[in-house]
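Chains, contacts and geometry: an overview
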Amino acid sequence: MPFNRIILSKPKSVHSLLILAFLLVVFSNSSEAQNTLKGRVIEYSTETPIPYASIFLTNTTLGITADEQGEFTLSIPDGSYNVLVRMLGYEPLTFSINTNRLPKKGFQVQLNSEDQELEEIDVEEERDPIWYRNLELFKKYFLGTSKNGQSVRIDNEKDLLLDRESHPDILQVSAKNPIQLDNPNLGYHVEFLLVDFEYDFKKETILYKGYPLFIPYEDVKRAKAKKFQKNRGLAYRGSLQHLIHCLYLGVSEEEGYVLQKMKSIPNPDKPSPAIMEEARSLVKSSTSTALKDSIQVHVLSKSTLPDSILVLQQQALDPESLLDREKEEGRIFLNFSDHIHITYTKEPMAREYPGAPLGSYRKSNQISKIKLNDPRVELFASGSFDDPLGIMVEGYMAWERVGDLMPIDFVPTDEK
């Protein structure tokens, strides 16, 4: 066969709790080896070429348009990627690649035509007040409440499908068309192909799936370009992407990161199962209201406490102790257990951060925690990693959301 055939009728979903890092695909700095991603886009049913389809690497600024014959060639650095292919009138398609295993003859990408019988939504139709309240909640939890997050504008709000009726405790959001985001602080237009979004009001957790494409502002004046670069640097530094980049290069300590281990121990405030059972028996057998109330307050009310707590180890870790460096193959993996407490000392927390101390936020370091969901997570020089679900993030890094999201191919000014 002349091509490796790719046939997918719908985008391959990537789940990511918002306490995790946002969707990070693997991308390496331009100084590394370049590889060729090539192929042809055809229609599934007729196998005829689809001209001018868009092909891009999600969460980057890198992409290309197929020619009249549906053929494309794109030079890409080492790494693993999610590739998104789309064309008006066809269902978008995503597939994963690794530059170590790119077929020399390229990919044959087959797109399915969209179902034209689906009922179209009238975007001009006026929405009710509940829809607008849900929209504000979506903006808060998806874009974030940072300075950048609050500045982002959604240009096609009425393309969003906002649903809180199917599950009253869950806000579900999806969109047939890519969400058009304008981030004036960072100087990006972002086309975000949102597959799904859920906010659970009871659990206070967020789940989203999607693929962003970053399009830098064009024809900006020098002063504006310098401001964008400054703001992008601020968004980048202290992020999970920046931390991974520093760990990969072995410069995390120099760049202001202090890493400490957090060990999980049994919660000393939670009564043991035996004590809980004895307390329940006393409540059943006792006739004293005072005794029952005391048992309820001091014992039974603690049944919902977590079984374990995290205790911070005061000694700073050697960052290299968290890494497996396979020198022969040049691959680097995160490999640790428990949680890692992260203090970033070179940038104070923002005043908008909910945990910022009143009046003294500029003296407070950014504090985050990370934990591995996979035994080993491969890292790349750009600050990305191979499994979007491989690293769980909490604290400051998780607070910075889509409004602060940077493309994987971003390079700070001091590294260019």
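In what follows, the accompanying structure is described. (Residues numbered from 1 in each chain as written. Predicted model: local features only at pLDDT ≥ 70, side-chain atom pairs only at ≥ 80, totals over all residues. Heavy atoms only, no water.)

Section: the pattern of salt bridges
Pairing between side chains becomes possible if they bear opposite charge and their charged atoms approach one another. In this structure the tally under the stated criterion is 15 salt bridges. Linking E191 and R86 is a salt bridge whose minimum nitrogen-to-oxygen distance equals 2.0 Å. Of this pair, E191 sits in strand β14 (residues 188-200) while R86 sits in strand β7 (residues 80-86); the two residues are 105 residues apart in sequence, bridging distant segments of the chain. By relative accessible area, which is 17% here, E191 ends up buried. The residue D155 makes a salt bridge to R153 at a minimum N-O spacing of 2.5 Å. Accessibility expressed as a relative area gives 44% for D155, which makes it partly exposed. (Salt bridge = Lys/Arg side-chain N within 4 Å of Asp/Glu carboxyl O. Helix = DSSP H or I, 4+ residues; strand = E, 2+ residues; numbered from the N terminus. Buried < 20%, exposed > 50% of the residue type's maximum accessible area, 1.4 Å probe, protein only.)

So, the packing of aromatic side chains
Across all of its chains, the model carries 17 aromatic pairs by this definition. Ring centres of W131 and Y132 lie 5.0 Å apart, and the angle between their planes is 85 degrees; on these two criteria the pair is classed as edge-to-face. Residue classification places Y132 among the partly exposed positions, given a relative accessible area of 29%. On the numbers, 3.9 Å between centres and 10 degrees between planes, the contact of Y141 with Y199 is stacked. (Phe/Tyr/Trp six-rings, centres within 6.5 Å; stacked < 30°, edge-to-face > 60°.)

Digging into the nonpolar core
Counting residues in each nonpolar core, the largest one holds 31 residues, and the members touching the most others are F138, F142, L160, I179, L181 and F197. Within the residue set of this core, elements represented by two or more residues are α1 (129-143), β11 (160-163), β12 (170-175), β13 (179-183), β14, β15 (205-216) and α3 (222-236). What I179 contacts, discounting residues up to four positions off in sequence, is F138, I154, N156, L160, V190, E191, F192 and L194. If you look at the next biggest cluster of nonpolar residues, it comprises 26 residues, including L240, I244, L323 and V393. (Core = buried A, V, L, I, M, F, W, Y, C linked by side-chain atoms within 4.5 Å. Contact = heavy atoms within 4.5 Å.)

Observations concerning α3
The end-to-end C-alpha distance of α3, which contains 15 residues, comes to 21 Å, matching closely the 21 Å that a straight helix rising 1.5 Å per residue would cover. All of the buried residues along α3 are F228, Q229, N231, R232, G233, A235 and Y236. For α3, the elements touching its buried residues are α2 (147-151), β14, β15 and α4 (240-249). G238, located one to two residues past α3, shows a positive phi value of around 90 degrees. (Expected span 1.5 Å × (residues − 1).)

Let's talk about the pairing of β13
With 4 of its 5 residues buried, β13 lies for the most part within the structure. The sheet contact formed by strand β10 (residues 153-154) and β13 spans 2 bridges and is antiparallel. The residue bridging I154 from the neighbouring strand is L181, located in β13. (Pairing = 2+ DSSP bridges.)

Regarding the sheet that holds strand β19 (residues 331-334)
Across the sheet, 3 strands lie side by side as β18-β19-β22; this open sheet has antiparallel pairing. The open sheet has two edge strands with one neighbour each: β18 (323-326) and β22 (377-379). The sheet shows a mean angle of 30 degrees between the axes of neighbouring strands, taken without regard to direction. (Axes fitted to C-alpha atoms, helices over the stretch in contact; angles between N-to-C directions.)

Description of the sheet that holds strand β4 (residues 54-57)
Ordered in space as β5-β4-β7-β8, the 4 strands form an open sheet in which the pairing is antiparallel. Single-partner strands in this sheet number two, and they are β5 (63-65) and β8 (93-98). Recorded for the sheet is a direction-independent mean angle of 20 degrees between the axes of neighbouring strands. Sheet topology note: the β4/β7 ladder contains 4 bridges and is antiparallel. By the bridge assignment, L57 is partnered in β7 with V83.

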